[in-house]
Amino acid sequence: MKTTTRTCGALLLIAAIALVAAQGAGCSSEEAPARSSLQPDTQDASNDAPAMRSTGLPQVCNRGERVTTAPATCNGASELCDRTYDRVAVPMTHNAYSLVSGGFSPPNQTQGIARQLEDGVRGMMLDTAYFDPLAGADRTERIADLSLPDQMFLCHGFCTIARTRLLDELCTITRFLDAHPGEVFSIIFENRVADADTDAILRASGLTDYVYTHESSAPWPKLRDMIASGKRLVVFLEQGGGSPAYLHPAWANVWDTSYTFLNASQFSCTLNRGATSHPLYLVNHWLSPPKPENAAQVNVASVLGNRVEQCTREAGRVPTFVGVDYYDVGDLFAVVRKANGL
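As named in an unreviewed UniProt entry, the chain is PLC-like phosphodiesterase, taken from Pendulispora albinea.

Structural data, given as structure tokens:
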């Protein structure tokens, strides 16, 4: 009986020690649920995830004061306020980002985007692509371990040759629209990036505060109404588009002329892309290769003005966009003002 008593006592002591240990570990009387084999351990999963790389550059725009009181003018002229978006001609820069300072050779423009905006440019053609700045390599798809603003660039052809960071240039446009509430602006993206990434970078830039969404069956609004609503940025994609809806497919809305001319005698108003029934019309007006001396020949009123008048007669309507290289050479702004009857 002594042996039995000692044995029972030992068992009771072991049970008591086990109970105290369980309470000290914070256990409850309820059984802890088993971890499902379908739910990987958080620590293990984080160890398997790729380490994110970063350039250390800003990921969003640093915006200044947002002016809310609009002037009595629309795109600089009161006469344009009651005209619809599709019936107002605007100066547009071809490859607006392409400057010597970005390594582009030959460049398409002399002045940067900020100066273009201040001078009166109200439309830009921008070419987007993926690029890994840390590896110095072009990419055809989004890079998984690099933030989106760090990998989206403006490039003409290969980004390894020349490039400028997309977010930085978009922020310049955002700040301009913030400070100039009476201006309506347009972008045509020659895009080699996914639509979702275009949307994401526009959101990071703050430009989605201003985007206008056009319903295909609806008439285009007056500039006055776009300014009053605050929706005064119109965005087009040469490829894809439609999701989200403010990313308008370019060639379902716009038609354009050819853009490959070696001399002024080759200029024409012949249809290139889109359909002449589309509401928006782009006249491409530059010589290849882009050179200031070429712009000096063809951006003058006697050439550019005559061509815009010819295209207006043939189309039965004024062009929406007049696109040029070296916008600051010649008479672009005077030609556009005349086209608008100002």
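Having seen the model, we can carry on.
(A) Spatial organisation of the packing of aromatic side chains. Per the counting criterion, the structure on display carries eight aromatic pairs. When the centroid spacing of 6.0 Å and the interplanar angle of 85 degrees are considered together, the rings of Tyr327 and Phe333 count as edge-to-face. Classification of Tyr327 as buried rests on a relative accessible area of 1%. Linked through ring pairs, Tyr85, Tyr212 and Trp220 together constitute an aromatic cluster.

(B) Region of interest: the pairing of strand S7 (residues 233–237). Among the five residues that make up S7, five are buried, leaving the element largely enclosed by the rest of the structure. Alternating positions in S7 separate into two faces, Leu233, Val235 and Leu237 on one and Val234 and Phe236 on the other, with burial throughout. Two elements, strand S6 (residues 185–191) and S7, share five bridges in a ladder whose sense is parallel. Bridged to Ile187 within S7 is Val235. Alignment of S7 against strand S8 (residues 247–249), held across three bridges, turns out to be parallel. The residue bridging Leu237 from the neighbouring strand is Pro249, located in S8.

(C) Seen up close, unusual backbone geometry. Residues Ser105 and Pro106 are joined by a peptide bond in cis, for which omega reads 0 degrees. Take Pro106: it is sitting in the loop between strand S1 (90–93) and helix H3 (113–119). Following Ser243, the chain continues to Pro244 via a peptide bond in cis, the omega torsion being -5 degrees. Secondary-structure assignment places Pro244 in the loop between S7 and S8. The phi dihedral of Tyr326 falls on the positive side, at around 45 degrees, and the residue is not glycine. Note on placement: Tyr326 falls in the loop between strand S11 (321–324) and helix H10 (332–339). In this structure Tyr326 comes out as buried when scored by relative accessible area, which is 3%.

(D) Highlighting helix H6 (residues 195–205). The buried count for H6 comes to eight of 11 residues, which makes it a mostly enclosed element. Along H6, the residues that are buried comprise Asp195, Asp197, Thr198, Asp199, Ile201, Leu202, Ala204 and Ser205.

(E) Quick look at the state of the cysteines. For the structure on display, the rule yields four disulfides. In this model, Cys74 is linked to Cys81 through a disulfide, with the two sulfur atoms separated by 2.1 Å. Taking the sign of the torsion about the S-S bond as the criterion, the disulfide between Cys74 and Cys81, at about 105 degrees, is right-handed. Given the relative accessible area of 3%, Cys74 is considered buried. The exposure class assigned to Cys81 is buried, which follows from its relative accessible area of 1%. In this model, Cys155 is linked to Cys159 through a disulfide, with the two sulfur atoms separated by 2.0 Å.

(F) Up close: empty space enclosed by the protein. Inspection of every chain in the model, using the stated rule, returns two cavities of 30 Å³ or more. By volume, the largest cavity is sized at about 70 Å³. In this structure, the largest cavity is lined by Asn75, Tyr85, Val88, Val90, Arg122, Val184, Phe185, Ser186, Leu223, Thr320 and Phe321. Looking at the lining of the largest cavity, its residues break down into seven nonpolar, three polar and one charged. The calculated volume of the second largest cavity comes to roughly 50 Å³. Lining the second largest cavity we find His285, Trp286, Leu287, Pro290, Lys291, Asn294, Ala295, Val298, Asn299, Asp325 and Tyr326. For the lining of the second largest cavity, the leading source of residues is helix H8 (residues 292–298), giving three residues.

Reading the values: rules and limits
- Residues numbered from 1 in each chain as written.
- Predicted model: local features only at pLDDT ≥ 70, side-chain atom pairs only at ≥ 80, totals over all residues.
- Heavy atoms only, no water.
- Phe/Tyr/Trp six-rings, centres within 6.5 Å; stacked < 30°, edge-to-face > 60°.
- Buried < 20%, exposed > 50% of the residue type's maximum accessible area, 1.4 Å probe, protein only.
- Helix = DSSP H or I, 4+ residues; strand = E, 2+ residues; numbered from the N terminus.
- Pairing = 2+ DSSP bridges.
- Disulfide = S-S within 2.5 Å.
- 1 Å grid on protein atoms, 1.4 Å probe; cavity = no way out; pocket = protein on both sides within 12 Å on 5 of 7 lines; lining within 4 Å.
- Points joined across faces, edges and corners; volume = space filled by probe spheres on them.
- Nonpolar A, V, L, I, M, F, W, Y, C, P; charged D, E, K, R; others polar.

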